[in-house]
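# Residue-level structure breakdown
Given next are the chains, with one letter for each unit.
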Amino acid sequence: MNCSTSRTEPSDAPEPTPATSLENAVQSASFAGLNRLIAKIPTVHGDAEAIDLLQEAVQALGCTAAVFASFIRDDATMRSCRYLFSRGPGLRQLYGTVSSTADDPWLHYAGQHFEPRRSRELDVPLDAHARRSFLAQAAEIGFRDAIIFPSHSVNGPSRVGMLCLGSDQADYFASPDALALLSVPASAMSFHLHVWWHARLRSDLVNRVRLTPLELDLARMQRQGLTTKHMARVLGTPINTIDSRFARLCRRLGVGSRRAAVELLHSYGVI
Amino acid sequence: MNDESTATPCASATSHEEPQPRLSRKRGGYRPRRAPHGRLMGEELRMLGPDPVTESSETFRCVVSEDGNWVVLLRRIDYPTGPRLYVERVHRTTPAEIITYLMLFEHEDEFLDWCDTDPIRFQINVTHQVRRIGHELLDITH
């Protein structure tokens, strides 16, 4: 997946002055424009454009910085996480210290909960040293208040999205009324970024592996529980052909069995 | 990364230091057909190469550590206000986990600060090349 190397400025207007409080931010004109930003997410073509969009949202909300994380567990042996950072050095430096997704307390929370929560309200066990250290460092680098918006999918904990908005003001997200107003667009943004990223992964999978319609049919039949003999009868081909097609598919997907291949394709929404 | 004359947009960090032994004609014709288990799953399925239509080695470069655990993609993106540097840092922290950071740098100083603070600075070969390539990409004038 590639993005164009030339593009227009995300916002030609001068950057708005950061809001002094969340109450001011949610009453501003830029906050009203958040829906327009969210509506643009499905048409985003590349990661750099997504970063621009995230940056615009940060400005509209009067926050200092934001990070969007997309956690994916393909199977028991492979998990991955992508972090999209808004501009500014603080969060990048903070995440530079993270050596495992398990050390990220915000992502950890998002993986187990649906509702938004402020970072300071997280229950981090005393023995979770890395996560506690992360939160302490976040405050040190000027991320004094933060709020997490989880987003989930039908794949449960195997596909988790997390949008974290942060401010350098200690009680920026303290007002319940303003927070209620913020939660609607922020949750929507988290969800749509999550959906957008999944669509990209699915598209990349199809393009990279170059799945043929016949292979998709085979994968669907395998998922339905059909035997090789049955598949051969349906498709009118020898059994050995079915076996070799599955072998080729597994090789291209980098998995060791038909079952793993089908699970992978299903988890990406291909079948 | 290879010499400039033979540079490809995506190359191993140490390919020029340790040239591969010349293979016989028959063996040289073989191509790897099977990736190690899990290598092509998930994140690594993404197209990491440049777009042949819009990108070249002048706008897209890739650095891979010797052990293959670190991959840094650098892409120059032209905005009306000037070029910016898009960086994708892929780190295989364990055989079972990949963490990717996507960042956009507006200024070279900001990018160099990141190079100095990120754990990638401990990958000496990688960080030297990332710094140099980042500078080159931002320095190109069209």
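Residues numbered from 1 in each chain as written. Chains lettered and ligands numbered in written order. Predicted model: local features only at pLDDT ≥ 70, side-chain atom pairs only at ≥ 80, totals over all residues.

### Regarding the overall build of chain A
Our working rule: Here a strand is any run of E in DSSP of at least two residues, a helix any run of H or I of at least four, and the numbering for each starts at the N terminus. Partly exposed residues are those whose C-beta has more than 12 but fewer than 20 other C-beta atoms within 10 Å; 20 or more makes a residue buried and 12 or fewer makes it exposed, with C-beta atoms placed from the backbone. By definition, residue pairs are in contact when their C-beta atoms, positioned from the backbone, come within 7 Å.
Helices and strands together make up the secondary structure of chain A, namely 12 helices and five strands. When its C-alpha atoms are laid out on the principal axes, chain A stretches across 70 × 45 × 30 Å. Here chain A, with 271 residues, has 43% of them falling under the buried criterion. In chain A, 68% of the contacts between residues at least 6 apart in sequence involve partners at least 24 apart.

### Comments concerning helix α7 (residues 129-140) of chain A
All names here are of chain A. Going by this rule: Expected helix span is computed as 1.5 Å times (number of residues minus one). The directions from the helix axis to the C-beta atoms are what the arc is built from.
End to end, α7 covers 16 Å across 12 residues, agreeing with the expected 16 Å (1.5 Å per residue, within 8%). For α7, the full list of buried residues reads R131, F134 and A138. Mapping the buried residues of α7 onto a view down its axis gives an arc of 50°, with all of them on the same face. Across from the buried face of α7, at angles greater than 90 degrees, the exposed residues are H129, A136 and E140.

### Focus: the domain arrangement of chain A
Residues and elements named next belong to chain A. Rules: An automatic or database domain assignment supplies the residue ranges for each domain. Only Asp, Glu, Lys and Arg are considered charged in this grouping, and only Ala, Val, Leu, Ile, Met, Phe, Trp, Tyr, Cys and Pro are considered nonpolar; every other residue, Gly among them, is considered polar.
Annotation of chain A at the domain level lists domain 1 (22-205) and domain 2 (211-267). Using C-alpha coordinates to define each centre, domain 1 is positioned 38 Å away from domain 2. Counting residues at the interface gives four residues for domain 1 and four residues for domain 2. Looking at the side of domain 1 that touches domain 2, its residues break down into no nonpolar, two polar and two charged.

### Brief notes about the packing of helix α5 (residues 89-96) of chain A against helix α2 (residues 108-117) of chain B
Spelled out, the test is: The convention used is that axes are lines fitted to C-alpha atoms, helices contributing only their stretch in contact, and that angles between N-to-C directions extend from 0 to 180 degrees. Reported orientations rely on four angle classes, namely roughly parallel under 35 degrees, roughly antiparallel over 145, roughly perpendicular from 65 to 115, and oblique for the rest. Crossings are sorted by hand: turned counterclockwise from the far helix by less than a right angle, the near helix makes the crossing left-handed, and turned clockwise it makes it right-handed.
Two elements in contact, α5 of chain A and α2 of chain B, have axes separated by 10 Å at closest approach and are oriented at 20°. Considering the angle they form, α5 of chain A stands roughly parallel to α2 of chain B. In this structure, the crossing between α5 of chain A and α2 of chain B has a hand that is right-handed. Touching P89, R92, Q93 and G96 of chain A of α5 of chain A are E110, D113, W114 and T117 of chain B, all from α2 of chain B.

### Observations concerning unusual backbone geometry
Residues and elements named next belong to chain A. For R210, which is not glycine, the phi dihedral falls at a positive 50°. Structurally, R210 can be placed in the loop between α8 (176-209) and α9 (213-224). By the C-beta count within 10 Å, which is 8 here, R210 ends up exposed.

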